[in-house]
Amino acid sequence: MSTQNKTNDAGGLAGAPADNSTLPKELRRAWRLVLLGAPGVGKGTQGELLSHRHGMCHISTGDLFRAAGSRAAGEKTPAMAEAMNYMHRGELVPDATVWALVREQSNSIRSRDGFLLDGFPRTLAQAELLKGFMEDEKLPLSAVVDYEMPHSEIIYRLSGRRICAKCKAVFHVTWRPSKVEGVCDECGGRLYRRDDDNPESIAIRLEAYQRSTSPLIEFYKKQGVLTPVDAVGSAEEVYARTIAALQARA
Ligand code: AP5
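Residues numbered from 1 in each chain as written. Predicted model: local features only at pLDDT ≥ 70, side-chain atom pairs only at ≥ 80, totals over all residues. Heavy atoms only, no water.

Novice: Describe in detail the sheet that holds strand S5 (residues 161-164), supporting the description with residues and values.
Specialist: The strand order S6-S5-S7 describes an open sheet built from three strands, whose pairing is antiparallel. Each edge of the open sheet is held by one strand with a lone partner, namely strand S6 (170-172) and strand S7 (191-192). As paired strands, S5 and S7 are joined by two bridges and run antiparallel to one another. Looking at the pairing, Ile163 lines up with Tyr192 of S7. Contacting S5 and S6, helix H7 (residues 151-159) crosses the sheet at an angle of about 40° to S5. (Pairing = 2+ DSSP bridges. Helix = DSSP H or I, 4+ residues; strand = E, 2+ residues; numbered from the N terminus. Contact = heavy atoms within 4.5 Å. Axes fitted to C-alpha atoms, helices over the stretch in contact; angles between N-to-C directions.)

So, in structure tokens, the structure goes:
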């Protein structure tokens, strides 16, 4: 799912890639986006739609950590093994470990097609590191999309989420159920519940978001790039709002 455009990771939502020539002129550009928002607000779902339809690189730090975590024990660095423990508890991984992981994606960040960062930055220290990097590269951010949603909806979304172990397609037991329970519609893989989608870890993740990530709203507002988007409604409705908000900035 991370740093590449997959055909249908949003559980059948992505559809055919858009022909960019049919888009309004102001949207036919390489966007450099940060997707902000509490856990479960739909960053991954919107990230897949945007990257698939607009061709930019999707970089999800959560997915990168999960991919690194699924390696055999002997192949994991001590920092990565430690990062897994933070993730399972729902706590934020230390900034230095996150930054080392993001730096490995520098080529994707420099891509001519643009990029979207999903789940990064999450602390002011990470935001400052990214700012310095982008200034050095002379690549200003186009927008920071801040997805907004009430907590009750977040808990509903996270507690029903199921992910395909093979192709990473995202389902929801009520909102987007698979045709056969526990089996991925896309590839027949096994659907599982993420380790951190239990009530205790969800509460810790929401608290970490309030404490460490919500200050980024002010940080990006001051820079004039904050773009709030209401995340309630269907994925297509939220996508349409995102595009309208980006279009208004262009
Ligand atoms: P990460 O993987 O980034 O998790 P998160 O931020 O908690 O976000 P989620 O993936 O849970 O939710 P989402 O907003 O992508 O929602 P989704 O589209 O899946 O990070 C996990 C952990 O890694 C962190 O806790 C931390 O430990 C570590 N980490 C990662 N980055 C880090 C960083 N920068 N610094 C430090 N630590 C870091 O949707 C959720 C569900 O809702 C799905 O079931 C979906 O089908 C459903 N859904 C989506 N859209 C809709 C809709 N419109 N209507 C109804 N249902 C919907």
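From this point on, the discussion continues.
Novice: Go over the site of the ligand with me, naming the residues and quoting the values.
Specialist: Close to the ligand lie 32 residues; Thr45, Glu91, Arg122, Arg161 and Arg205 are nearest. Between the ligand and the protein, one listed contact pairs an oxygen atom with a backbone N or O atom of Lys43 at 2.9 Å. Gly119 places a polar main-chain atom, nitrogen or oxygen, 2.9 Å from a nitrogen atom of the ligand. For the ligand, the accessible surface in isolation is 1000 Å², of which the surrounding protein chains cover 97%. (Near = heavy atom within 4 Å. Polar contact = N/O pair within 3.5 Å; in protein donor to acceptor, adjacent residues only side chain to side chain. Areas by Shrake-Rupley, 256 points an atom, 1.4 Å probe, with all protein chains shown as cover.)

Novice: Report on the packing of aromatic side chains, specifying residues and quantitative values.
Specialist: What the rule picks out here adds up to three aromatic pairs. Aromatic side chains Trp99 and Phe133 sit 6.2 Å apart centroid to centroid with 80° between the ring planes, which places their arrangement in the edge-to-face category. Highlighted residues: Trp99 in helix H4 (residues 95-103) and Phe133 in helix H6 (residues 124-137), separated in sequence by 34 residues. For the ring pair Phe219 and Tyr220, a centre distance of 5.0 Å and an interplane angle of 85° mean the geometry is edge-to-face. An aromatic cluster is present here, built from Trp99, Phe120 and Phe133 joined pairwise through their rings. When the ring centre of Tyr239 is taken as origin, the NZ or CZ atom of Arg53, which lies over that ring, is 4.6 Å away. Just above the ring of Trp175 sits the side chain of Arg176; from NZ or CZ to the centre is 4.8 Å. (Phe/Tyr/Trp six-rings, centres within 6.5 Å; stacked < 30°, edge-to-face > 60°. Lys NZ or Arg CZ within 6 Å of the ring centre and 35° of its normal.)

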